[in-house]
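Spelled out from the first residue to the last, the chains are:
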Amino acid sequence: MEANIKNNLSILEKRITAACVQANRSRDEVKLLLATKTVDAERIKIAIAQGYPLIGENKVQELRDKYEGIGTDNCTRHFIGHLQTNKIKDILKYGVSCIESIDRISVVEKLQQLLERDDRTMDVLIQVNTSDEDSKFGVAPEQAIDFIKEVATYDRLRIKGLMTIGLFSAEERLVRPCFQLLKRVQQEAIVLNLPNVEMNELSMGMSHDLEIAIEEGATIVRVGTAIFGERIYPDSYYWNEEGNVI
Ligand SMILES: *Cc1c(COP(=O)(O)O)cnc(C)c1O
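Residues numbered from 1 in each chain as written. Predicted model: local features only at pLDDT ≥ 70, side-chain atom pairs only at ≥ 80, totals over all residues. Heavy atoms only, no water.

### Structural notes on the site of the ligand
Here is step 1: Near the ligand you find 13 residues, and of these Lys37, Asn58, Ser207, Thr225 and Arg231 are the closest.
Here is step 2: Between the ligand and Thr225 there is a distance of 2.5 Å, counted from an oxygen atom to a side-chain nitrogen or oxygen.
Here is step 3: Tallied by class, the residues present in the shell around the ligand amount to 6 nonpolar, 4 polar and 3 charged. (Near = heavy atom within 4 Å. Polar contact = N/O pair within 3.5 Å; in protein donor to acceptor, adjacent residues only side chain to side chain. Nonpolar A, V, L, I, M, F, W, Y, C, P; charged D, E, K, R; others polar.)

### Looking at the UniProt feature "modified residue: N6-(pyridoxal phosphate)lysine" (unreviewed entry) in the chain
Here is step 1: In this structure's numbering, the residues bearing the UniProt feature "modified residue: N6-(pyridoxal phosphate)lysine" (unreviewed entry) are Lys37.
Here is step 2: Examined against the element boundaries, Lys37 turns out to sit in the loop between strand E1 (31–35) and helix H2 (41–49). (UniProt positions renumbered as here; feature names shortened; annotations may be inferred. Helix = DSSP H or I, 4+ residues; strand = E, 2+ residues; numbered from the N terminus.)

### A few points about the confidence of the model for the chain
Here is step 1: When pLDDT is averaged along the chain, the result is 93, and 94% of the positions lie at 70 or above.
Here is step 2: Residue range residues 242–246 is modelled with pLDDT below 50. Its contacts to residues more than four positions away, or to other chains, number 8 contacts. (pLDDT = per-residue confidence, 0-100. Contact = heavy atoms within 4.5 Å.)

### A closer look at the nonpolar core
Here is step 1: Membership of the largest hydrophobic core comes to 73 residues, with the highest contact counts inside it found for Leu32, Ile99, Ile102 and Ile148.
Here is step 2: Excluding residues within four positions of it along the chain, Ile99 makes contact with Phe79, Leu83, Ile91, Leu111, Met122, Asp123, Val124 and Leu125. (Core = buried A, V, L, I, M, F, W, Y, C linked by side-chain atoms within 4.5 Å. Buried < 20%, exposed > 50% of the residue type's maximum accessible area, 1.4 Å probe, protein only.)

### Side note on the side chain of Asp103
Here is step 1: In this fold, Asp103 is placed in the loop between strand E4 (96–102) and helix H5 (105–118).
Here is step 2: Residue class for Asp103 comes out buried when judged on its relative accessible area of 11%.
Here is step 3: Polar contacts involving the side chain of Asp103 include one to the side chain of Arg104, which spans 3.3 Å.
Here is step 4: Excluding its chain neighbours within four sequence positions, the residues that come into contact with Asp103 are His82, Gln127, Phe137, Gly138, Val139 and Phe147.

### Section: H2
Here is step 1: For H2, the complete set of buried residues consists of Ala41, Arg43, Ile44, Ile46, Ala47 and Ile48.
Here is step 2: Against the buried residues of H2 lie helix H1 (2–22), E1, strand E2 (54–57), helix H3 (60–70) and helix H9 (225–228).
Here is step 3: With its phi angle positive at about 105°, Gly51 sits one or two positions after the end of H2.

### A closer look at the side chain of His78
Here is step 1: Secondary-structure assignment places His78 in strand E3 (residues 76–79).
Here is step 2: Of the polar contacts made by the side chain of His78, one reaches the side chain of Glu100; its length is 2.7 Å.
Here is step 3: The residues touching His78, leaving out its near neighbours within four places in the chain, are Leu33, Leu54, Ile55, Gly56, Glu57, Val96, Ser97, Cys98, Glu100 and Ile220.

### A look at the packing of H2 against H3
Here is step 1: The contact between H2 and H3 brings their axes to 9 Å, and the two run at 55°. For the element pair H2 / H3, the angle class is oblique. Between H2 and H3 the crossing geometry is right-handed. Note on element contacts: H3 touches H2 through Lys66, Gly69 and Ile70, opposite Ala41, Ile44, Lys45 and Ile48. (Axes fitted to C-alpha atoms, helices over the stretch in contact; angles between N-to-C directions. Parallel < 35°, antiparallel > 145°, perpendicular 65-115°, else oblique. Left-handed = near helix turned anticlockwise from the far one by under 90°.)

Shown next, in the form of structure tokens:
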């Protein structure tokens, strides 16, 4: 198991490095986020120990269940799953330093309220639905700028950039436009020079499409399968509203 994860990571590292070379970018411009849904703490720790301290969970329950086992000193936690307002208080309890999946004002209001209570701030990314699939969350691209402006008025949230899940397709010509679209929204937002908004992070690219994402400017690639192997649950389990298996 340990050998597998190490081996997978070394293959992945080569892919990331090659993509950076191809895109004329420096390797340190791209962070690898370990997408750890369904993966237990022991296996996650093996990957962290290989020099990849950034992890991302989709569900509050998994965040909580693995919190002790993984610990806090050796890693940084992002939340990359669909947010429910009633679960936000738990996200704040389990060491999450950035929520990548901000896409509704109801969530933003609740987050602001809890952050005020705790007298703290939270880094966030705005999730944009660049693939126009109903099954995925995120603000519509044409509404993204207005949404960013509105979120920027909530002073406990620090907008650090954007996140997207690209179209699931083996066809590069269909996937690449998703990432290009996210980049365009980023450029548009930068020009506005909004208070409280830094647009440095573009979280895009997963196991099957990270090369394209890196070419289009990704600063965070979120990878699960290529490190930990195939998951038993379909991704719809993690991406639909109620979190029910369908
Ligand atoms: C699972 C997941 C990933 C990683 O997907 P893989 O195809 O396993 O690399 C990335 N981002 C999000 C939001 C995910 O839920």
